[in-house]
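Reading the structure
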Amino acid sequence: MGHKNLKFILHTLRVACPSLPSLSLLVKYRLHGYYAPKMHFTRNGIPFYINPVSNTLKMCLGNPEISHNLVRYPVIPKGEFKEVFHGLHWRTDRRFFSPMSTTSCGNVFIGDLIQYQSSGSSCMGCVVQFICQEGQDAIHCRVCKLDHHPQLSAKSYVIGETLSIPVCCIEAVLDVQAQALHVLKCHEGHFVQLTENEYTSLFSPHPMKIKSMQWGGIPVVMVPITLFTDDTSGNKSKQWNKFDSWNFRLEGLSKKENGNLQNIHFICASNKVPVLDMAVPLVQEFTALENEGIIAYDAFLQRNVIVVAPILNIICDNPRGAEVCSHLGATTSKYCRICMADVTTGLHSIGCLRNKPDTLCQIARIQSARTQKEMKQLQKEFGVSAKPNPLLELFIDLHRCTPVEVLHTLLLGPYKYLFRDLMGRLTTVQRKEIQARISSFSFSGFDMKLSRNVAKYFKSFVGRDFKILAQLALFVLPPYLTPGETEVWFALSKVFKFVYCDTFLPEMVDVYKSQCLAFTHAVERNCPELRRKLKIHILLHLPDDMLQFGPASTFNTERCESYNAAIRGRNIYANRHAPSKDIATSFAIQESIRFVCSGGHYDALEKCGDELVKLYKSSEVDDFLRGGASASCEKATYLRGAIRKVGKTKVALGSVLVRVQEIEGNISISSLMENHPQFTLLLSPNAKLI
């Protein structure tokens, strides 16, 4: 709405309420919680604007809708991995361990010597980690037990087994310095001294304990975050206006919560500054968030806390992933950013895994090259770019923490290659036959259909089209495939089955790896034109990423890609003079409105009234603030774990519902598997539809 129209509306309203403020005052007014974007400059003096992550984190912790749903400790699953906090990366990397837990005897930190109750007797041990069990509310503590041996002196102890006990069993935190105790370990039947590294890892006081004591003993909360970076067009027309952007989300929220666009938070965007140049001030802030933390009010604990927010991973497409990892991309001979695989060794070959120290050494060698020819030879040998990359200053290993996302790698990779190749060589009559077969296919389990004219528009398919195609291809395409191509499609469907399953079985990781390997072998035998494609080779690393970060739905980019439309919309309705500032300001205002209207605590005692919270949750207000469809109307194809109706039957789903055909009568799954071998490829390991 324009300035002139707003002025007229206010003039009309003053008839009923003469005390209304002027339009200029309304425009300048800012709610509590609003933080203006900060301006930064590149080395060339180009300005860009950032919404600091620390400010957004303060609003998230103060928002009861977020803080009450936030998982603060890694969770040990009962069997299947369902969330990112079930993955090994969060559970095993010490940098993501929650530093403390509050008990009846006060705050207990990792590294504290405690006295605890076990089997009816008091024992002494050292805190190693705080964890949760799936399905239980109680927090557990992993304790390294210290046993007193009768052959040793009174102050000598031997390291025993590591136990898991509820934190309610902790009786006291011992005010004893570990140096005052003589701690040994049993090695081959003899008591030996601990090494310096072993002693430091067990008994060193946690850095956050010192920080907490400086602030009066306030709690410390661990909130890992995931970054998303992408490029998008700032125009709705076909003219490309590239905007690079950075966003983030809280990984302590469930997949369902993170499927809501409101839980994706904007950091910065610019059409003039490259993505790595924008990362320079971000790296400084991320380092401070991990090492020092920030003070924020926690609506769940109802008190001030220290928030520590390390980066769990960075999700992006493959070209941006290569740029983030200082890799030359898919065109170089060492075409994989995760390993040292070479195009000459075949798709199925996994080279030595890359790591951050090796990459830094390789960059140093390239930069020290004496001639341009030597520099190019070293770049070709390592597949590494020597351009300045501030992200290498982060503590994470970028090669391990940029997981393989499936939208661009699977749907816009092999499925796109194979289907375009097939349709390109078919006759017009055969294309019409495929169109007729697709039109007669039952889409009762889908929220949308393929284009009515597949033969004409197959080159314009996007990710959601290939997702539907992947589920019906084995029932529509086989008459037009050669035996070798049929082998490739069947192998690809097996990969699709476990990738889009909403859960991940860690004991099946070797099976998943063998399925990916079988697909690469099938491609090498039957599709020689695809032998140099990175998107086929990199699927070999996907099972390992799922083991570290949970099922692929926890690090896919579909919802984050949808967020690009919000960035584009804010650029379209701005004056285009300073797009980076306008976009950042618009998102900052939206964050502050959500914070206040959701009942956020902008002071320990102050928050908005219940009537405003009720009004904000209405779909009409949500539509207006977001400038589009409300959350309740979003397409379910992107909502993981949704419930879809098929006839009168409710089917629990993962990312998508595979409904290959209408099944008349009561037909058992076993008979379907006998009569339709394709159907077996669409079942999860527990014989349920994925």
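As the structure is a prediction and not an experimental result, all values here were calculated from the model.

Right, let's talk about the confidence of the model for the protein chain for a bit. Per-residue confidence for the protein chain gives a mean pLDDT of 83, with 86% of residues at or over 70. Residue range residues 628-673 is modelled with pLDDT below 50. Its contacts to residues more than four positions away, or to other chains, number 100 contacts. Predicted confidence is poor over residues 682-690, with pLDDT under 50, and the contacts of this stretch with residues over four places away or in other chains come to 31 contacts.

Turning our attention to helix α9 (residues 275-291). In a regular helix each residue adds 1.5 Å, so 17 residues correspond to 24 Å; α9 covers 24 Å between its end C-alpha atoms and thus fits that length. The largest bend in α9 comes to about 40 degrees, at P281. Turning to α9, its buried residues are V275, L276, M278, A279, P281, L282, V283, E285, F286, L289 and E290. Looking at the residues trailing α9, positive phi occurs at G293, about 75 degrees.

The next thing to look at is the environment of V621. With respect to the helices and strands, V621 occurs in helix α24 (residues 619-626). Judged by relative accessible area, which is 23%, V621 ranks as partly exposed. With sequence-adjacent residues up to four places away left out, V621 is seen in contact with L615 and Y616.

Our focus in this paragraph is the packing of aromatic side chains. Geometrically, a pair of aromatic rings is defined through the distance of the ring centres and the angle of the planes. Tallied over the entire structure, the rule returns 15 aromatic pairs. A centroid spacing of 6.0 Å and a plane angle of 50 degrees characterise the contact between F81 and F504, whose relative ring orientation is tilted. On the criterion of sequence distance, the pair formed by F81 in the loop between β3 (75-76) and α5 (88-92) and F504 in the loop between α17 (483-499) and α18 (509-526) is long-range, its members being 423 residues apart. Just as F81 is buried, F504 falls in that class too. With 4.5 Å between their ring centres and 10 degrees between their planes, F498 and Y512 make a pair best called stacked.

A large share of strand β7 (residues 121-133) lies buried, amounting to ten of its 13 residues. Here β3 pairs with β7 via two bridges, running parallel. Its bridge partner being in β7, I76 is matched across the sheet by Q133. In this sheet, β7 lies alongside strand β6 (residues 113-118) in antiparallel orientation, the contact comprising six bridges. From the neighbouring strand, L113 faces β7, where its bridge partner is C126. In this structure, the hairpin formed by β6 and β7 is closed by a connection of two residues, where S119 is found at a positive phi of approximately 55 degrees. Between the end of β7 and the start of strand β8 (residues 139-147), which pair antiparallel, lie five residues, with G135 showing a positive phi angle near 85 degrees.

Moving on: the sheet that holds strand β13 (residues 220-222). Taken in spatial order, the three strands make up an open sheet running β13-β18-β17, and their pairing is mixed. What marks the edges here is a single partner per strand, and that holds for β13 and β17 (294-298). Put simply, the sheet's adjacent strands are angled 45 degrees from each other on average, direction ignored. The pairing of β17 with strand β18 (residues 303-308) spans five bridges and is antiparallel. Bridging from a neighbouring strand, Y297 pairs with N304 of β18. Contacting β13 and β18, helix α7 (residues 207-214) runs over the sheet at an angle of about 150 degrees to β18.

This paragraph deals with the pattern of salt bridges. Counting across every chain of the model gives 15 salt bridges. Measuring nitrogen to oxygen at the nearest pair gives 3.6 Å for the salt bridge that ties E134 to K82. Pair noted here: E134 is in the loop between β7 and β8 and K82 is in the loop between β3 and α5, with a separation of 52 residues, a long-range link. In this structure K82 comes out as partly exposed when scored by relative accessible area, which is 34%. A salt bridge links E323 to R320, with the nearest nitrogen and oxygen atoms 3.3 Å apart. Of this pair, E323 and R320 both sit in helix α10 (residues 318-324), three residues apart, roughly one helical turn. Classification of R320 by relative accessible area gives buried; the value is 5%.

Thresholds applied
- Residues numbered from 1 in each chain as written.
- Predicted model: local features only at pLDDT ≥ 70, side-chain atom pairs only at ≥ 80, totals over all residues.
- Heavy atoms only, no water.
- pLDDT = per-residue confidence, 0-100.
- Contact = heavy atoms within 4.5 Å.
- Helix = DSSP H or I, 4+ residues; strand = E, 2+ residues; numbered from the N terminus.
- Expected span 1.5 Å × (residues − 1).
- Bend = angle between axes of the 7 residues up to and from the residue.
- Buried < 20%, exposed > 50% of the residue type's maximum accessible area, 1.4 Å probe, protein only.
- Phe/Tyr/Trp six-rings, centres within 6.5 Å; stacked < 30°, edge-to-face > 60°.
- Pairing = 2+ DSSP bridges.
- Axes fitted to C-alpha atoms, helices over the stretch in contact; angles between N-to-C directions.
- Salt bridge = Lys/Arg side-chain N within 4 Å of Asp/Glu carboxyl O.

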